[in-house]
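Structural overview for review
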Amino acid sequence: GTFDPDVFVVLMRLLREKLDQSIRRGSVTPLMHFIYEHFEKSASRLSNGKVACRNGCSHCCNIWTDAYAPEILFVTKQLPFSAEIQPASLIKATGEFSAKVSFEQRDKIPIPCPLLIEDSCSVYRFRPLNCRTAASMDADACQRAFIEGQDIEIPVPPGWSNLGQSYSMALKGAIFHAGLACEPYEWNSALKLASENSQLEQQWLSGKDV
């Protein structure tokens with residue numbers, strides 16, 4: 001449950017190896033499969049029955065978040081893009097709106113993630129680290145904070161913050177040491193860009209800040 005620098009260094013090295021494999025293959029899939037598989041194993045050891053998060057509880061899916069380029073590109077590869085399942089027009093509209101809102105305005109404007117379908121994540125298996133580490137012990141507190149805009153603290157289960165910090169920092173470190181663009185991007189607007197250009201994955205893996 002605590003941040004272990006030695007474990008962090010080992011994790012970053014492993015992610016760098018997987019990133020090198022992704023670069024050789026021209027696909028972010030090896031990297032993202034590896035990190036999410038190991039994250040879920042780590043998260044399972046923290047489960048203590050106190051997590052209030054359940055299917056259909058999507059309060060935290062209405063807040064502004066960010067993700068690293070390989071996470072965004074990985075999700076984009078999974079999108080069905082059929083009008084019946086997830087209209088591309090919704091991703092486009094949400095991304096355009098998000099790009100126009102200032103950083104200071106974001107907490108005051110809840111906006112549902114365009115990948116939500118009836119309050120459930122349509123890409124749950126492929127969701128980014130920030131979504132995986134959004135754990136709460138009180139769903140009512142989440143509603144008051146994320147939907148009603150109240151300034152309250154969300155009770156987080158022990159260990160979750162350190163777990164998220166470890167994996168996020170290790171991923172950023174691996175990307176940085178590979179010489180690729182390593183800054184996180186606002187989720188909605190970046191998702192729009194990635195969904196409209198199938199070449200972004202190859203461009204990012206070649207070193208371009210897409």
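Numbers given to residues run from 1 along each chain, matching the order in which its sequence is written. Thresholds applied to this predicted model are a pLDDT of at least 70 for local features of residues and 80 or more for the giving and counting of side-chain atom pairs; totals over whole chains, interfaces and linings are not thresholded and use all residues. The side-chain values count all of the structure's non-hydrogen atoms but skip hydrogen atoms and water molecules.

**A word on the overall build of the chain**
Here a helix means four or more residues in a row that DSSP labels H or I, a strand means two or more in a row labelled E, and each is numbered from the N terminus. Each helix and strand counted, the chain has nine helices and four strands in total. A compact globule built from 210 residues should have a C-alpha radius of gyration of about 17 Å, and the chain, at 17 Å, falls within 12% of that. For the C-alpha atoms alone, the extent of the chain along its principal axes is close to 45 × 40 × 35 Å. The 210 residues of the chain split such that 42% are buried. Taking the contacts inside the chain whose residues are at least 6 apart along the sequence as the reference set, 78% of them involve residues at least 24 apart. Only the protein chains shown count as covering a residue, and every accessible area follows the Shrake-Rupley method with a 1.4 Å probe. Summing over all exposed atoms, the chain offers an accessible surface of approximately 11,400 Å²; the carbon and sulfur share of this is 52%. When the 21 positive and 24 negative side-chain charges of the chain are each reduced to one mean point, those points stand 6 Å apart. We take the radius of gyration over the C-alpha atoms and set the globule estimate at 2.2 Å times the residue count to the 0.38 power. Relative accessibility decides the category of a residue: with a 1.4 Å probe and only protein chains considered, values under 20% of the type maximum give buried, values over 50% give exposed, and everything between is partly exposed. Working rule for contacts: check all heavy atoms of both residues, and any pair within 4.5 Å makes them a contact. We count Lys and Arg on the positive side and Asp and Glu on the negative side, and we leave His and both chain ends out. Charged side chains are reduced to one point each, which is NZ for Lys, CZ for Arg, CG for Asp and CD for Glu.

**Quick word on the packing of aromatic side chains**
A pair of aromatic rings is counted whenever rings of Phe, Tyr or Trp (Trp by its six-membered ring) have centres within 6.5 Å, and the orientation is called stacked for planes under 30 degrees apart, edge-to-face for over 60 and tilted otherwise. Enumeration over the complete set of coordinates arrives at three aromatic pairs. With centroids separated by 5.3 Å and ring planes inclined at 85°, the aromatic side chains of Phe-39 and Tyr-167 adopt a geometry described as edge-to-face. With a gap of 128 residues between them, Phe-39 in helix H2 (residues 29-44) and Tyr-167 in helix H7 (residues 160-177) connect regions that are remote in the sequence. Each of the two residues, Phe-39 as well as Tyr-167, counts as buried. Their ring planes at 75° and their centres at 5.7 Å tell us that Phe-74 and Phe-126 sit as a pair that is edge-to-face. Placement of the pair is Phe-74 in helix H3 (residues 69-78) and Phe-126 in the loop between strand S3 (120-121) and helix H5 (129-132), with a sequence separation of 52 residues. Residue classification places Phe-74 among the buried residues on the basis of a relative accessible area of 2%.

**Structural notes on the nonpolar core**
Leu-15, Leu-115 and Trp-204 are the most contacted members of the largest nonpolar core, which totals 48 residues. Going through the elements one at a time, helix H1 (5-25), H2, H3, H7, helix H8 (187-196) and helix H9 (200-205) are the ones with two or more residues in this core. Excluding residues within four positions of it along the chain, Trp-204 makes contact with Leu-19, Val-28, Ala-69, Pro-70, Leu-73, Ile-175, Leu-180, Ala-181 and Val-210. The criterion is simple. A nonpolar core is a set of buried Ala, Val, Leu, Ile, Met, Phe, Trp, Tyr and Cys residues joined through side-chain atoms within 4.5 Å.

**Quick look at the state of the cysteines**
In what follows, a disulfide is any cysteine sulfur pair within 2.5 Å. Under the criterion given, the structure shown has zero disulfides. Free cysteine: Cys-131, not disulfide-bonded; nearest cysteine sulfur from Cys-61 at 6.4 Å. Note on Cys-142: no disulfide assigned, nearest cysteine sulfur contributed by Cys-57 at a separation of 6.1 Å. Judged by its relative accessible area of 9%, Cys-142 falls in the buried class.

**Brief notes about H1**
For a helix, the expected span equals 1.5 Å multiplied by the residue count minus one. Compared with an ideal rise of 1.5 Å per residue, which puts 21 residues at 30 Å, H1 spans 30 Å between its outermost C-alpha atoms and is within 8% of the ideal. Taken residue by residue, H1 has Phe-8, Leu-11, Met-12, Leu-15, Leu-19, Gln-21 and Ser-22 as its buried positions. Buried residues along H1 sit in contact with H2, H7 and H9. Just downstream of H1, Gly-26 is the residue with a positive phi angle, here 70°.

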